[in-house]
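Inside the fold
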Amino acid sequence: MKKKVSLFFTALCCVAGTVSASEVDSVQVAGEYVKTAVQKQRIDKDGYTRFRVGGYGEAVASFKDYGINRYYGNPDGNTRDHRNTISIPRFVLAFDYKFTPKWILGAEIEFESGGVGTAMELENSENGEYETEMEKGGEVALEQFHITRLIHPAFNVRAGHIIVPVGLTNTHHEPINFFGTVRPEGETTILPSTWHETGIEFFGTLGKGYTTFDYQVLVVAGLNANGFDRNTWVGSGKQGIFEEDNFNSPGYVVRLDYRGVPGLRVGGSFYYCANTAGNSDKPDFYEGRKAPLRIYSGDLQYKNDYVTLRANVVYGNLTNSKFISSKNVRLSNNASYSRVVPVAKNAASYAGEVGVNLRSIFNHNSKVPVIYPFVRYEYYNPQEKGEVGQTMDLRNKVSMWVAGLNWFALPNLVVKADYTTRQIGTGKMFGTGPYTSENEFSIGLAYVGWFFKK
């Protein structure tokens with residue numbers, strides 16, 4: 001696994017090195033603009049001094065040749081069924097307000113997938129039973145809500161509900177920041193997405209010129225081992241089901257990005273929670289046993305007038321995964337957790353994509369639309385490795401290709417179309433897996449931008 005990841009990144013870095021550097025401007029949305037001093041300087045020239053409203057949204061239709069469950073009822077994996085789906089994965093409203101040039105409020109409210117909202121309660125007065133209350137309206141989540149104090153380019157503070165910058169997609173989750181009709185599958189399978197927690201963040205920019213680095217250090221609510229399962233590893237362990245999050249074992253995050261070369265960003269992050277079992281809904285559920293979690297990630301992006309290149313890798317380690325599995329399978333049927341085990345000791349994901357700007361190839365002719373043909377490869381496995389005695393399910397090992405087109409009808413409005421093929425049960429980049437492949441064609445529409453500034 002480590003050898004394949006190393007070769008994968010080496011090849012992508014070589015591609016990036018063959019292209020001249022010329023950064024392409026991108027649209028920034030709430031939560032992004034105050035992460036670094038560099039972004040702050042951009043926003044000061046962005047035409048707003050007090051208040052702005054914006055956001056982003058996506059709509060996707062998919063035409064699939066496989067069933068809804070590769071784990072049940074068919075020894076070959078998924079059934080060869082044809083079905084179509086259509087959805088609005090998310091509609092997000094963003095708000096920014098400057099109390100002063102140094103004190104800034106940022107917020108995002110996400111309406112996800114329509115449907116009916118629910119609230120989960122743990123009735124400790126009724127023998128600790130789970131209760132679900134139906135509420136009117138759609139599913140709504142507060143994705144960000146924080147106050148930022150800008151102090152110095154090298155040191156600033158943010159507190160509130162903030163994005164956890166682990167991986168490429170969480171840090172840059174807006175739909176114009178990835179080519180596919182949906183977010184990259186590997187990261188969003190084994191990590192929460194979008195990952196947002198309540199806590200405090202310290203951030204800033206160090207150095208200048210070719211030695212420019214951005215850093216972030218966070219202390220946030222840690223993940224809850226109750227949500228860990230076979231198919232998403234720790235991706236479903238994010239808190240937020242109840243009115244209050246447990247803070248018994250915080251999550252600690254460090255991220256560093258190199259930005260010294262125009263158009264190039266190379267970053268890495270580390271997440272550590274000393275005891276995810278300590279954030280359980282019921283304090284004694286794991287009998288005092290600890291379950292430390294470590295997640296390592298690295299990513300890069302290179303953009304110029306001609307090409308956009310992105311790559312990322314995620315690798316995680318969960319201690320006492322076998323014990324966590326033995327307890328999670330016994331969770332209450334009324335709980336909103338899957339209870340599907342075993343939870344693996346290690347999970348992994350790596351991916352890369354490249355897109356070419358057709359207009360640039362035709363000498364920036366304005367009559368040529370801004371279309372990016374792209375190709376993306378992903379490998380991921382929420383059961384990369386188990387503890388002794390655990391049996392890993394090969395159907396979680398996925399090798400997939402995505403190819404398609406992104407047409408930027410406007411700089412912040414994109415029409416997407418792509419074809420995806422997944423090989424199940426293999427880590428080979430080319431070839432077929434031992435289970436039924438999964439293929440789909442999708443079309444989508446996405447936007448990001450500000451509607452009003454003052």
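Criteria and cut-off values
Residues numbered from 1 in each chain as written. Predicted model: local features only at pLDDT ≥ 70, side-chain atom pairs only at ≥ 80, totals over all residues. Heavy atoms only, no water. Helix = DSSP H or I, 4+ residues; strand = E, 2+ residues; numbered from the N terminus. Buried < 20%, exposed > 50% of the residue type's maximum accessible area, 1.4 Å probe, protein only. Areas by Shrake-Rupley, 256 points an atom, 1.4 Å probe, with all protein chains shown as cover. Salt bridge = Lys/Arg side-chain N within 4 Å of Asp/Glu carboxyl O. Phe/Tyr/Trp six-rings, centres within 6.5 Å; stacked < 30°, edge-to-face > 60°. Core = buried A, V, L, I, M, F, W, Y, C linked by side-chain atoms within 4.5 Å. pLDDT = per-residue confidence, 0-100. Contact = heavy atoms within 4.5 Å. Patch = residues over 30% accessible without salt bridge, like charges linked within 9 Å, V, L, I, M, F, W, Y side chains within 5 Å. Polar contact = N/O pair within 3.5 Å; in protein donor to acceptor, adjacent residues only side chain to side chain.

Looking only at helices and strands, the protein features 6 helices and 18 strands. Sorting the 454 residues of the protein into buried and exposed places 53% on the buried side. Accessible area of the protein: about 20,300 Å², with a carbon and sulfur share of 59%.

So, about unusual backbone geometry. In this model, Ser193 is joined to Thr194 through a cis peptide bond whose omega is -10°. Looking at the secondary structure, you find Thr194 in the loop between α4 (185-190) and β8 (196-206). Geometrically, the link from Val341 to Pro342 is a cis peptide bond, its omega value of 10° lying close to zero. With respect to the helices, strands and loops of the structure, Pro342 is situated in the loop between α5 (321-328) and β14 (346-356). You will see that Arg339, though not glycine, has its phi angle at about 65°, which is positive. Position of Arg339 relative to the elements: it lies in the loop between α5 and β14.

Our next topic: the pattern of salt bridges. Scanning all chains against the criterion turns up 18 salt bridges. Arg70 is the partner of Glu438 in a salt bridge, and the nearest nitrogen-oxygen pair spans 2.9 Å. Of the two residues, Glu438 sits in strand β18 (residues 438-453) while Arg70 sits in the loop between β1 (51-64) and β2 (83-98), which places them 368 residues apart along the sequence. Each of the two residues, Glu438 as well as Arg70, counts as buried. Salt-bridge contacts for Glu110 lead to Arg90; the nearest nitrogen and oxygen are separated by 3.4 Å. With Glu110 in strand β3 (residues 103-111) and Arg90 in strand β2, this residue pair connects regions lying 20 residues apart in the sequence. Here Glu110 and Arg90 have matching classes, each one buried. In the salt-bridge network here, residues are joined through shared partners; they are Arg70, Glu185, Arg422, Glu438 and Glu440.

Attention shifts here to the packing of aromatic side chains. Throughout the structure, instances matching the rule amount to 19 aromatic pairs. Measuring from centroid to centroid gives 5.8 Å for Phe155 and Phe202, while their planes differ by 20°, and the two rings are stacked. Here the residue Phe155 occupies a position in strand β7 (residues 155-163), and Phe202 occupies one in strand β8, the gap between them amounting to 47 residues. Among the residues examined, Phe155 registers a relative accessible area of 38% and is labelled partly exposed. Here Phe202 falls in the partly exposed class, since its relative accessible area comes to 28%. Pairing Phe179 with Phe374 gives two aromatic rings, centres 5.3 Å apart and planes at 15°, and the pair type is stacked.

Attention now goes to the nonpolar core. Core analysis: the largest hydrophobic core is formed by 33 residues, its most contacted members being Val166, Trp195, Phe228, Trp233, Tyr271, Leu293 and Ile295. Going through the elements one at a time, β9 (213-220), β11 (264-273), β12 (293-303), β13 (307-318) and α5 are the ones with two or more residues in this core.

Our focus in this paragraph is the confidence of the model for the protein. Taken over all residues, the pLDDT of the protein has a mean of 87, while the share at 70 or more is 84%. A low-confidence stretch, residues 123-128 stays under pLDDT 50, and its non-local contacts, those more than four residues away or across chains, total 6 contacts. A low-confidence stretch, residues 134-138 (pLDDT under 50), is modelled with 12 contacts involving residues beyond four sequence positions or located in other chains.

There is a patch of nonpolar side chains on the surface, built from Phe63, Tyr419, Phe441 and Ile443 and spanning about 360 Å² of accessible area. As for its position among the elements, Tyr419 is in strand β17 (residues 413-424).

Of all the 8 residues making up α5, 6 are buried; the element is thus mostly covered by neighbouring parts of the structure. Of all the positions in α5, only Ser321, Phe323, Ile324, Ser325, Lys327 and Asn328 are classed as buried.

Moving on to the environment of Phe91. Note on placement: Phe91 falls in strand β2. Judged by relative accessible area, which is 33%, Phe91 ranks as partly exposed. With 20 residues separating them in the primary sequence, Phe91 and Phe111 have C-alpha atoms 5.1 Å apart. Leaving out residues up to four positions away in the same chain, Phe91 has contacts with Tyr56, Gly57, Ile109, Glu110, Phe111 and Tyr447.

Let us look at the side chain of Glu201. Tracing the backbone shows Glu201 in strand β8. Relative accessible area serves as the criterion here: at 2%, Glu201 is assigned to the buried category. Side-chain polar atoms of Glu201 contact the side chain of Gln216, separated by 2.8 Å. Setting aside anything within four residues of it in sequence, one finds Glu201 in contact with Asn156, Val157, Arg158, Ile162, Gln216, Val217 and Leu218.

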